[in-house]
Amino acid sequence: MDSDKSNITRKLLNPLKGDKVIWFIFLLLVVISLVSVFSATGYPYHGGSAPLKPFFKHTAFVLVSLILAILLSNFDYRRFSTASWAGYLVSILLLIIALTIGSKDVEAGSGMGRWIKLPLIGRFQPSELAKIVIIVYLARMLTKEQKTLNTWPTMRNIMLYVLVIVALIVRDNLSTSLIIFIVCFAMMRLAPIEVKYWRRTILGLAALGLLVIFIGEKSQIPFLARAETWSGRIDRWLNFDQDELSQESMARMAVASGKFFGAGVGSTVQARLMTQANSDMIYAIIVEETGMFGGILVFLLYLFLYIRCIRIAWRCKGSFGQLTVVGLGTLIFMQAGIHMCVSVGALPVTGQTLPLISSGGTAYLCMSMAIGIIQAVAYDTKIEAPHESRETTVED
């Protein structure tokens with residue numbers, strides 16, 4: 001009895017359960033986020049609004065996100081499997097609501113998809129929640145169906161669940177739908193699904209995507225209305241006009257002016273001219289202020305975070321935990337890589353935020369959820385004996 005009380009006390013006194021390196025990286029990213037957002041919004045350029053208002057709002061979301069990550073890390077991660085099917089249904093419902101009666105961001109250059117207004121939270125993007133939910137739900141399905149993964153009916157049925165989410169997002173946010181699809185396909189490849197099935201599916205969907213873009217450019221179908229925007233972004237990237245005053249050109253100027261050590265924190269010039277400096281292009285501002293040194297440091301933080309996720313997955317004995325950590329880790333690293341490439345001009349504009357750094361309430365909350373789930377798996381893996389595992393099946 002005394003031993004049980006001692007264990008409970010020890011758990012309460014140590015809320016940061018899981019991988020200590022990931023917690024350190026997460027907290028370091030939080031600090032970088034607060035400094036970068038404060039710097040990017042330090043002067044009034046949003047129609048004369050109070051300069052500190054965006055920063056205070058972001059700080060509130062960061063604090064809530066930190067608490068959320070800590071709470072989730074204290075759960076038995078197998079419970080996420082049980083709850084994922086409900087989360088999947090809720091995500092579909094919210095995506096449908098956003099698609100039908102939701103509002104669209106009208107700020108210039110924003111890649112933000114449709115959002116709905118929720119009490120207390122404010123603007124909520126269902127696509128950000130769907131990113132996390134579909135990964136956990138897919139891990140659940142792949143674990144439950146692992147004995148029949150080498151059959152086409154199982155592959156087809158699992159793909160349908162993923163494609164429903166992708167289809168509800170793709171019209172207003174192509175990059176998010178592609179990220180979800182690629183991460184899910186990577187998880188399916190790890191699960192072992194027959195190579196011939198996923199190769200055929202990739203080729204078929206790639207051909208369908210090109211056909212959709214072609215038809216969207218030549219027709220007035222409402223669902224394909226943004227196809228012209230997608231192709232236009234690619235065209236502007238391939239035929240970049242450095243004399244045009246745009247988000248892309250200002251981001252490249254910010255990166256170029258940073259040199260190796262940067263202009264100094266708070267000394268950004270380009271952020272005062274950009275409407276998305278604290279979100280879609282924040283990496284460019286980080287490089288402008290801290291130079292190549294700071295840019296490389298931020299990249300290494302995401303790389304080390306991903307490596308720790310792979311390490312946790314390697315040690316985890318259960319398929320659900322392995323696939324969940326790999327999927328969420330890949331999501332964070334991939335989105336960070338895309339954002340950084342866009343900021344330096346290596347990819348067309350996508351509107352993806354820099355995970356755990358960019359401002360954006362929904363995105364920050366959901367990425368912190370991912371950290372919390374990863375840490376729940378890490379903590380369970382740590383307390384298990386090396387030769388045994390408590391996960392034999394996924395709960396229904």
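Because the structure is a prediction, the values reported are computed rather than measured. (Residues numbered from 1 in each chain as written. Predicted model: local features only at pLDDT ≥ 70, side-chain atom pairs only at ≥ 80, totals over all residues. Heavy atoms only, no water.)

A.B. asks: Is there a simple way to think about the overall build of the chain in this case?
C.D. replies: Regarding its fold elements, the chain presents 13 helices and 3 strands. A separation of at least 24 residues holds for 73% of the contacts in the chain among residues at least 6 apart in sequence. Taken as a whole, the chain presents about 19200 Å² of accessible surface, with 67% of it coming from carbon and sulfur. (Helix = DSSP H or I, 4+ residues; strand = E, 2+ residues; numbered from the N terminus. Contact = heavy atoms within 4.5 Å. Areas by Shrake-Rupley, 256 points an atom, 1.4 Å probe, with all protein chains shown as cover.)

A.B. asks: How should I be thinking about the packing of helix H11 (residues 282-315) against helix H12 (residues 319-343) in this particular structure?
C.D. replies: Two numbers describe a pair of packed helices, the interaxial angle and the distance between the axes. Between H11 and H12, whose axes approach to 9 Å, the crossing angle comes to 165 degrees. Here H11 is positioned roughly antiparallel relative to H12, judged by the angle of their axes. In this structure, H11 crosses over H12, and the sense of that crossing is left-handed. Contacts between H11 and H12 involve Ile 282, Tyr 283, Ala 284, Phe 299, Tyr 302, Leu 303, Leu 305, Tyr 306, Cys 309, Ile 310, Ile 312 and Ala 313 on the former and, on the latter, Gln 322, Val 325, Val 326, Gly 329, Thr 330, Ile 332, Phe 333, Ala 336, His 339, Met 340 and Ser 343. Here the residues of the contact of H11 with H12 sort into 18 nonpolar, 5 polar and no charged. (Axes fitted to C-alpha atoms, helices over the stretch in contact; angles between N-to-C directions. Parallel < 35°, antiparallel > 145°, perpendicular 65-115°, else oblique. Left-handed = near helix turned anticlockwise from the far one by under 90°. Nonpolar A, V, L, I, M, F, W, Y, C, P; charged D, E, K, R; others polar.)

A.B. asks: What is the right way to read the nonpolar core from this model?
C.D. replies: The nonpolar side chains of a soluble globular protein tend to be buried, and buried together. Membership of the largest hydrophobic core comes to 100 residues, with the highest contact counts inside it found for Leu 138, Leu 142, Ile 165, Tyr 302, Leu 354 and Ile 357. For this core, the leading source of residues is H11, giving 13 residues. Leaving out residues up to four positions away in the same chain, Leu 354 has contacts with Ser 279, Ile 282, Tyr 283, Ile 286, Val 298, Tyr 302, Ala 336, His 339 and Met 340. (Core = buried A, V, L, I, M, F, W, Y, C linked by side-chain atoms within 4.5 Å. Buried < 20%, exposed > 50% of the residue type's maximum accessible area, 1.4 Å probe, protein only.)

A.B. asks: Looking at this structure, how should I read the environment of Met 188?
C.D. replies: When you line up the elements, Met 188 lands in helix H7 (residues 174-190). With 39 residues separating them along the chain, Met 188 and Leu 149 place their C-alpha atoms 9.1 Å apart.

A.B. asks: Explanation requested: the packing of aromatic side chains in the structure shown.
C.D. replies: Centre-to-centre distance and the angle between the planes together describe a pair of aromatic rings. Per the counting criterion, the structure on display carries 14 aromatic pairs. Between Phe 55 and Phe 56, the ring centres sit 5.9 Å apart and the planes meet at 50 degrees, which makes this aromatic pair tilted. Note on Phe 55: relative accessible area 16%, which makes it buried. Given the relative accessible area of 51%, Phe 56 is considered exposed. Their ring planes at 70 degrees and their centres at 5.7 Å tell us that Tyr 88 and Tyr 161 sit as a pair that is edge-to-face. Taken together, the residues span a long stretch of sequence, with Tyr 88 in helix H4 (residues 78-101) and Tyr 161 in helix H6 (residues 152-170) at a distance of 73 residues. When its relative accessible area of 5% is taken as the criterion, Tyr 88 is described as buried. What makes Tyr 161 partly exposed here is its relative accessible area of 34%. Feature note: the residues Phe 38, Phe 55 and Phe 56 constitute an aromatic cluster, connected by ring pairs. (Phe/Tyr/Trp six-rings, centres within 6.5 Å; stacked < 30°, edge-to-face > 60°.)

A.B. asks: Honestly, helix H5 (residues 126-144) in this entry has me stumped. Any pointers?
C.D. replies: Each α-helix turn comprises 3.6 residues. Residues three or four places apart therefore point the same way. Across its 19 residues, H5 extends 26 Å between first and last C-alpha, which sits within 8% of the 27 Å expected from 1.5 Å per residue. The buried fraction of H5 amounts to 18 of the 19 residues, a majority that puts the element mostly inside the structure. (Expected span 1.5 Å × (residues − 1).)

A.B. asks: Hey, could you run me through the side chain of Gln 375 in this one?
C.D. replies: Take Gln 375: it is sitting in helix H13 (residues 361-383). With relative accessibility at 0%, the residue Gln 375 sits in the buried group. The residues contacting Gln 375, other than those within four sequence positions of it, are Lys 17, Gly 18, Asp 19, Ile 22, Trp 23 and Ser 73.

A.B. asks: How should I be thinking about empty space enclosed by the protein in this particular structure?
C.D. replies: Any space left empty among the atoms is revealed by the rolling of a water-sized probe across them. Under the defined criterion, the tally for this structure stands at 4 cavities of 30 Å³ or more. The space that makes up the largest cavity amounts to roughly 100 Å³. Taken together, 10 residues form the lining of the largest cavity, with Leu 95, Arg 114, Leu 168, Ile 169 and Asp 172 sitting closest to its centre. Among the secondary structure elements, those contributing two or more residues to the lining of the largest cavity are H4 and H6. Tallying contributions element by element places H4 first for the lining of the largest cavity, with 3 residues. (1 Å grid on protein atoms, 1.4 Å probe; cavity = no way out; pocket = protein on both sides within 12 Å on 5 of 7 lines; lining within 4 Å. Points joined across faces, edges and corners; volume = space filled by probe spheres on them.)

A.B. asks: Got a minute to help me understand the pattern of salt bridges in this structure?
C.D. replies: Opposite charge on two side chains lets them pair, provided their charged atoms get close. With the rule as written, the count across this model stands at 5 salt bridges. Linking Asp 19 and Arg 308 is a salt bridge whose minimum nitrogen-to-oxygen distance equals 2.7 Å. In this pair, Asp 19 is assigned in the loop between helix H1 (2-13) and helix H2 (20-40) and Arg 308 in helix H11, connecting sequence segments 289 residues apart. The exposure class of Asp 19 is buried, given its relative accessible area of 9%. Residues Arg 171 and Asp 172 are paired through a salt bridge, measuring 3.8 Å at the closest nitrogen-oxygen approach. (Salt bridge = Lys/Arg side-chain N within 4 Å of Asp/Glu carboxyl O.)

A.B. asks: Even after reading the chapter, I still don't get unusual backbone geometry, so can you show me in this structure?
C.D. replies: Keep in mind that most residues, glycine aside, have a negative phi and that most peptide bonds are trans. Even without glycine at this site, Lys 259 takes up a positive phi of about 50 degrees. Located in the positive-phi region is Leu 356, a residue other than glycine, with phi close to 65 degrees. Checked against the element boundaries, Leu 356 lands in the loop between H12 and H13.

A.B. asks: Would you take a moment to explain H12 for this structure?
C.D. replies: Over its 25 residues, H12 runs 36 Å from end to end, which matches the ideal 36 Å to within 8%, given 1.5 Å per residue. One or two positions beyond H12, positive phi appears at Gly 345, with a value near 90 degrees.

A.B. asks: Just checking my understanding: could you explain the packing of H5 against H7 for this structure?
C.D. replies: Contact geometry for H5 and H7: axes closest at 10 Å, N-to-C directions at 15 degrees. Taken together, the axis directions place H5 and H7 in an arrangement best described as roughly parallel. Helix-helix and strand crossings are classified by hand; for H5 and H7 the assignment is right-handed. Contacts between H5 and H7 pair Ser 127, Lys 131, Ile 134, Ile 135, Leu 138, Ala 139 and Leu 142 from the former with Thr 176, Ile 180, Val 183, Cys 184, Met 187 and Met 188 from the latter. Classifying every residue of the contact of H5 with H7 gives 10 nonpolar, 2 polar and 1 charged.

Without other data, these values stay purely geometric and don't point to any function.
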